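Architecture at a glance
Here is how the chains run, residue by residue.
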Amino acid sequence: MKATKLILFTIILFMVSALQAQDIEEKVQLLFKKSQQVLGDTRVFGIAIADVDLDGDNDIFLTNYIGSSKLWMNDGKGNFTESNQDFGNSEAHAVAMADFNADGFPDIFLLNHAAPCKIFFNDGKGTFNDSGQNIGSIEEFPGMITCGDIDNDGDLDAFISYYQLPNRLWLNNGKASFSITDTKFGGEKSHSMALADVNGDGFLDLYLCISDQPDEIWFNDGKGNFTDSGQRLGNATGYESVDAGDINGDKYVDFVTGNSVDGIKIWLNHNGTGKFIEAGTYIEPGSGICKLLDADLDGDLDLFITGKAGTKLLINNGKGIYSTGQVFDETWVFRAAFGKLDSDNGFDIVLGKREGTGGNSIYFNEFKGSNQTASPVRKGPYLGQKLPGLTPEIFAPGIVSIPETSEWSSSFSPDGTEFYFQRIIENEDSFQVKIFETKLIGNNWTLPSEVNFIKGYNAGAPHVTQDNKTLYFGWWRPNPDGDPDFIPGRVGRIWYVERTSNGWSEPRYAGPGMFTSSDKEGNVYTTDLTSRYTNGRTYLVKTKLKNGQFVEFKKQTLVPNFGEPAHPCISPDGNYMLFDVEGGSHLFVSFKKTDGTWGAAIDLTDHGFDVKAGGATISPDGKYLFFHLNGDIWWVGTKVIEELRPKE
């Protein structure tokens, strides 16, 4: 299978990290090798890694507290050149890199002490311009920033901590114009924080680290309103950092804190309830900075720590028990960030340090274990993958698309935290079609696993609706009494589950059909098979729903009149539809005209697509097209489709 470069689109901020550590054994192995290059000799409190110029490799942004912050451009081989762009000389203390104005390019949110905080917009080529907005005022002394869609409106908001003020929430209007909310979180000693859905309701909750006081958990109602859970965790005596992730492999979000005096403390989430249990005593005293990563690419989360106890990598045995993996000859490390910086599948380390201590270091992952291909980095949007351009690439090789099986259709949840896909497992004795899921827990994606609502029958073609409330899928189980079986023994029936506070509901029958797709208006499209055995034809239809079931099909008239169109894929805005015409292959696209009818279908094989490509789906944000080809799921920017739109 073709290897695809991976990208770790990371937000690296003030003090970070997570995981459990119990039995620490001194068993050292070399995983990372230090680069001869250093990224300046400056005082770095913030690091961000992203592909700012969209050339397929990750670049690095370093804040500078005693000079100008710098952007370092990657040549694709892990060699970096300093950009000449000016980001001010304003005692920069932290940075977040993400697409704040929804144009598809990573922007910069820079926290300053000697000036108001600033946002710089990316033009898509790695050139940044000041947005003109001042976030806060001078001398508020912000400490850390962490970002997420707090109010579930589709854009990234920002929590900012301050050294002498309570933490505050800044909401994004969708265009990177931020306004502060009234709620004050913590007090003057509130230091670090992490966002994660800890109670399974789909909303990002807040962990507050508070120096010299117990930490706090705040629950989000989904609209950006937070309620103190009443939990008080620990009573550390130094400055703290925190990170979130599944520590012990139970698929629930746990927390780890690093404390500049007491060291590392783990808090385990009790059965996904959002109530946390202390896991042992403090370890590694003086380790104030900790960071979660899968260093050896084996599917569990390892732990990078630094502080008075030294700079170390602790390796997870899969159950949250750690042994020392590597000791780094580094002192005065203020920040650590992780991302793929060279051409292999492993991800690498960038250290931000104090000036005069040897410069800001890069460590390249040298791990050559068998899992390096089988389990690449899973961190950040879209499973941490390099965002595709106009050339199709295999999606998530070694995670979703693997050599041993065949993957077909897929669906992201609209909030981007869940990914569902169909996997075919075939051998001499069996043929199984399963739906797998992977979820973003904390900052990391879980290993794909089979969904729990499929019981004993083959199932495939998952689709999550745009309101994130329903998941449709095809199921091979017998039809309800009185409903005909249009393709005996095969998928020709659509079922659905609904999202509840405890996960997905029990499956319910929706009606006959094959493959579903929906737009933001709630219209659901499928393949009508009811005439398959009367005239040998299929039709693409828009359904009318009543109590979750299909009660009417509105046939979509296509030009030309195809005999067996199937697998409709409607764009989120409803303005174009993809489909295939040869039993799951040979893609076409039709654009909606101003009168509401479909225009002449365009053959995508005339525009570079393989004739065997089929089963198209589109990401909920409308930016990426996914399709099946040669047993793998591929993806490409939807700009390749938009460029085909006829001009009326």
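Along each chain, residues carry numbers from 1 onward, in the same order as the chain's sequence is written. In keeping with the predicted nature of the model, local features appear solely for residues at pLDDT of at least 70, side-chain atom pairs appear and are counted solely at 80 or more, and the whole-chain, interface and lining totals rest on all residues. Hydrogens and water are ignored here; the side-chain numbers use all heavy atoms of the structure.

**Side note on the overall build of the protein**
Quick note on the threshold: Per the convention used, a helix needs a DSSP run of H or I reaching at least four residues, while a strand needs a run of E reaching at least two, with both numbered from the N terminus. Three exposure classes are used, based on accessible area relative to the maximum for each residue type with a 1.4 Å probe and protein chains only: buried under 20%, partly exposed in between, and exposed over 50%. Using a 1.4 Å probe, accessible areas were evaluated by the Shrake-Rupley method; residue-level cover was limited to the displayed protein chains.
Along the backbone of the protein there are two helices and 50 strands. In the protein, which comprises 648 residues, the share counted as buried stands at 60%. For the protein, the exposed surface amounts to about 25100 Å²; the carbon and sulfur share of it is 48%.

**Side note on the packing of aromatic side chains**
Counted only if it meets this: Classification of ring pairs uses Phe, Tyr and Trp, with its six-membered ring standing for Trp, and accepts pairs whose centres are within 6.5 Å; under 30 degrees between planes counts as stacked, over 60 as edge-to-face, and the remaining range as tilted.
By the definition in use, this model includes 48 aromatic pairs. Ring centres of Phe 185 and Trp 218 lie 5.1 Å apart, and the angle between their planes is 70 degrees; this geometry places the pair in the edge-to-face category. Taken together, the positions of Phe 185 in the loop between strand E13 (178-180) and strand E14 (190-196) and Trp 218 in strand E16 (residues 215-220) put the pair 33 residues apart, joining distant regions of the chain. Exposure class is identical for Phe 185 and Trp 218. Each is buried. Three or more aromatic residues link up through ring pairs in this structure, and these residues are Tyr 382, Phe 395, Phe 412, Phe 419, Phe 421, Phe 436, Trp 445, Tyr 624, Phe 626 and Trp 635.

**As for the sheet that holds strand E21 (residues 276-278)**
The following threshold applies: Any two strands are treated as partners once DSSP identifies two or more bridges connecting them. Note on method: axes are straight lines fitted to C-alpha atoms, helices fitted across the in-contact stretch only, with angles between N-to-C directions ranging 0 to 180 degrees.
Read from one edge to the other, the open sheet built from four strands follows the order E18-E19-E20-E21, with strand pairing classed as antiparallel. At either end of the open sheet lies a strand with only one pairing partner, and these are strand E18 (240-245) and E21. With direction set aside, neighbouring strand axes in the sheet form an average angle of 25 degrees. Pairing between E18 and strand E19 (residues 254-259): six bridges, direction antiparallel. By the bridge assignment, Ser 241 is partnered in E19 with Gly 258.

**Digging into the environment of Gly 56**
Relative to the helices and strands, Gly 56 resides in the loop between strand E2 (47-50) and strand E3 (59-62). For Gly 56, a relative accessible area of 13% puts it in the buried group. A sequence separation of 330 residues divides Gly 56 from Lys 386, and the C-alpha atoms of the two residues are 6.6 Å apart.

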